[in-house]
Amino acid sequence: MKNKNVKGAGGAKQRKQAQSRAPQKAKKGGANPQQYAQAKKAARRQNVGQGKNNAAAPLQAQNVQATQRARSQRRTVLGYGGPKGNLKVIFLGGVGEIGKNMTVFEYGDSMVIVDVGMSFPGSDMPGVDVVIPDFSYVVQNRKKLKAILLTHGHEDHIGAIAYLVKALGGKVDVYGSKLTLALVENKLAEHSVIDKVNLVAVADKSVVMLDDFTAEFIHVSHSVAGSLAICLRTPVGVVLHTGDFKIDYTPLGNEIMNLNRIAEVGKQGVLLLMSESTNVEKTGYTMSESVVEDTMNKVFQDAKGRRIIVATFASNVDRIGMVIDLARRYKRKIALSGRSMLKYVETACRVGQMSVDHDMFVDVDRVNSIEDGRLVILSTGSQGEPMSALTRMASGEFNKVHIGSNDTIVISASPIPGNEKDVYNVINKLYRLGAMVVYSALSAVHVSGHACQEELKLIYTLVKPRYFIPIHGEYRHLKQHAMLVEKLGHSRGNVIIPEIGDCVEVSQTTFKVAGSVQSGNVMVDGLGVGDVGNVVIKDRLSLAEEGILVCSVALDKRKQQLASAVEIASRGCFFAGDGNADHLVDELKKAITGELLDTLRHATSVAAIKSAVQHAAKRYFRTKYKRNPVVLTIVLEV
């Protein structure tokens, strides 16, 4: 959707000419020499500012007074007589962790958000589907929100946007590249909130005016098309947010990162640089995608007569397009396996990011009717996800594709930290089935989308900011990045390593953590958002580690005595249905009954009965097995 606030660079020349004519117009309008000098000085400032903000409208004033009125009426960075406060940078995610990226920029009565990401739960969050940031601060300040700005379409940057839109209630503007917005649109449609969002497509050099903020989008290379850095101009100075990037001089699609514009912004002066830190521990440069293309081409050459299965991230549209191009070159049909793979390819085609010949594609149900040497299967499961297509193939649980000795399987991804065991387990199973497996430890079938040390150094050197905040990484990554820029001459006092919830105040003379806001993890379990908290997670972990014991007892309230024997059901403690466990059950019943009889001598309340049962059961397991199961007690009064 087109928005009048978004402007490209096409009219820059005309605006510059109009601004340069302003002093002459003032002179012709009868301005005195002092007024003429002021108008000339203002025009020079406008020309400098034009390089910083190509969306500024040309000055139409006929004299100095009109010029000053026009400037005072504008609410862009060019119209401020001087800042009236500090810029607040609030971190709701993405620092001290990988994922859940979300940063709030606030000045006066204006607020913009950069990215609204999610993260996947770890092994310490059983049953949780996804983790999203705590939006409380944004919801409380809803009236200030001018827009959401998105750097790219990965889940850790857009995955929580539907939840935020629901929490906000009203309409909100969202800016991003065509592919990013198409992916966002899919998510909004799933949550039935598409009508709550105004999607505005931007591209390289697009400029958006958002009250106290002016945002310029700059193309960067990454592992998903349509990735952007954001140059945010504020009343206190310029903030450059790199987003996720790497410097690739030979990217797929020839969309080279706009380093020229970043250098220009750096020359104009950058107050604060916020740069990603994912690969800061790796020296040198990240390999180019062209290396992967060469390797994949060799795989296709060597696999003559064999079926090829390629597992990669569904979001890596450029790499998927590369595989499709190779299939076309080697006259192979393509089958897509996995829901997310189908959705990403369809979305990329819809927005023109990918061009395919539909005659090349076959339904995955028909792959057994295609000769092996004429087929490529694109699949999800590069991270060993339990329910993914490749994992089910490796386990023999995918009835549409059966792995055999005539299969060459390429895992075109590196294991994300924490996923190594799952990935290598899948590889082992594939080998057992007789397949040939090509993965990143053996061959260059994957390159990272994140910058290594030399690329991070280059961006810092081009920008030369006054202040620096490392983002997008665990604490060790942020610390290493801070140390890296210090080696380049940056003052240690002008670096802040933020924590989630920190509010950093920034101005020409201020750079400090000035308090914190409500923040943290909000867990999504099914349709429930935030209803699973630490207490529930603690119980789930306890159930997983220790099991659960259910003890039932009937109490004769009139006679104040037991009306039946104690009944026991166990899950995860021992198998009560096993004959070998009968004596254990009898021992436990005896211990509980004895405790109950002692209790009934002086107390008959339900609470006292439950406490006695739990005390006896826990003491038994602690003494005999060194275990601490969850004990539930059911008391039936008769």
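The rules behind each value
Residues numbered from 1 in each chain as written. Predicted model: local features only at pLDDT ≥ 70, side-chain atom pairs only at ≥ 80, totals over all residues. Heavy atoms only, no water. Helix = DSSP H or I, 4+ residues; strand = E, 2+ residues; numbered from the N terminus. Buried < 20%, exposed > 50% of the residue type's maximum accessible area, 1.4 Å probe, protein only. Contact = heavy atoms within 4.5 Å. Expected span 1.5 Å × (residues − 1). Arc of directions from axis to C-beta. Polar contact = N/O pair within 3.5 Å; in protein donor to acceptor, adjacent residues only side chain to side chain. Salt bridge = Lys/Arg side-chain N within 4 Å of Asp/Glu carboxyl O. Pairing = 2+ DSSP bridges. Axes fitted to C-alpha atoms, helices over the stretch in contact; angles between N-to-C directions. UniProt positions renumbered as here; feature names shortened; annotations may be inferred.

1. Considerations on the overall build of the protein
Scanning the protein from terminus to terminus reveals 19 helices and 27 strands. Evaluated residue by residue, the protein yields a buried proportion of 53% over its 638 residues. Sequence separation of at least 24 residues holds for 73% of the intrachain contacts in the protein that already meet a minimum separation of 6.

2. Remarks on helix H16 (residues 475-487)
Over its 13 residues, H16 extends 19 Å from the first C-alpha to the last, a length consistent with the 18 Å expected when each residue adds 1.5 Å. For H16, the full list of buried residues reads His477, Leu478, His481, Ala482, Leu484 and Val485. Along the axis of H16, the buried positions cluster into a sector of 160°, meaning they face one direction only. If you follow the buried residues of H16, they end up packed against strand E13 (272-276), helix H15 (453-463) and strand E19 (467-471). One or two residues past the end of H16 sits Gly489, with phi positive at roughly 105°.

3. Some details on the environment of Lys100
Among the secondary structure elements, Lys100 is positioned in the loop between strand E2 (87-93) and strand E3 (102-107). Judged by its relative accessible area of 0%, Lys100 is buried. Taking the C-alpha atoms as reference points, Lys100 and Ala160, separated by 60 residues in sequence, lie 8.0 Å from one another. Within polar-contact distance, the side chain of Lys100 engages the side chain of Glu97 at 3.1 Å.

4. Quick look at the pattern of salt bridges
Per the stated rule, a full pass over the model turns up 21 salt bridges. The shortest N-O distance in the salt bridge between Lys343 and Glu190 comes to 2.7 Å. Of the two residues, Lys343 sits in helix H12 (residues 339-350) while Glu190 sits in helix H8 (residues 178-190), which places them 153 residues apart along the sequence. Owing to a relative accessible area of 48%, Glu190 belongs among the partly exposed residues under this scheme.

5. Quick notes on the sheet that holds strand E21 (residues 511-516)
Strand order in this open sheet of eight strands is E8-E7-E6-E4-E3-E2-E20-E21, and the pairing throughout is mixed. Because the sheet does not close on itself, it has two edges, and the strands there are strand E8 (197-201) and E21. For this sheet, the mean inter-axis angle between neighbouring strands, taken without regard to orientation, is 25°. In this sheet, E8 lies alongside strand E7 (residues 172-176) in parallel orientation, the contact comprising five bridges.

6. Details of the environment of Ile634
Note that Ile634 resides in strand E27 (residues 630-637). Those residues in contact with Ile634 that sit more than four places away from it in its chain are Val550, Cys551, Ser552 and Val553.

7. Quick word on the UniProt feature "binding site: substrate" (unreviewed entry) in the protein
UniProt marks Ala314, Ser315, Asn316, His446, Val447, Ser448, Gly449 and His450 with the feature "binding site: substrate" (unreviewed entry), using the numbering shown here. Positionally, Ala314 belongs in the loop between strand E14 (307-311) and helix H11 (317-329). With relative accessibility at 9%, the residue Ala314 sits in the buried group. Its place among the elements puts Ser448 in the loop between strand E18 (436-439) and H15. Among all residues touching Ser448, those that are not within four sequence positions of it are Lys246, Asn279 and Thr286.

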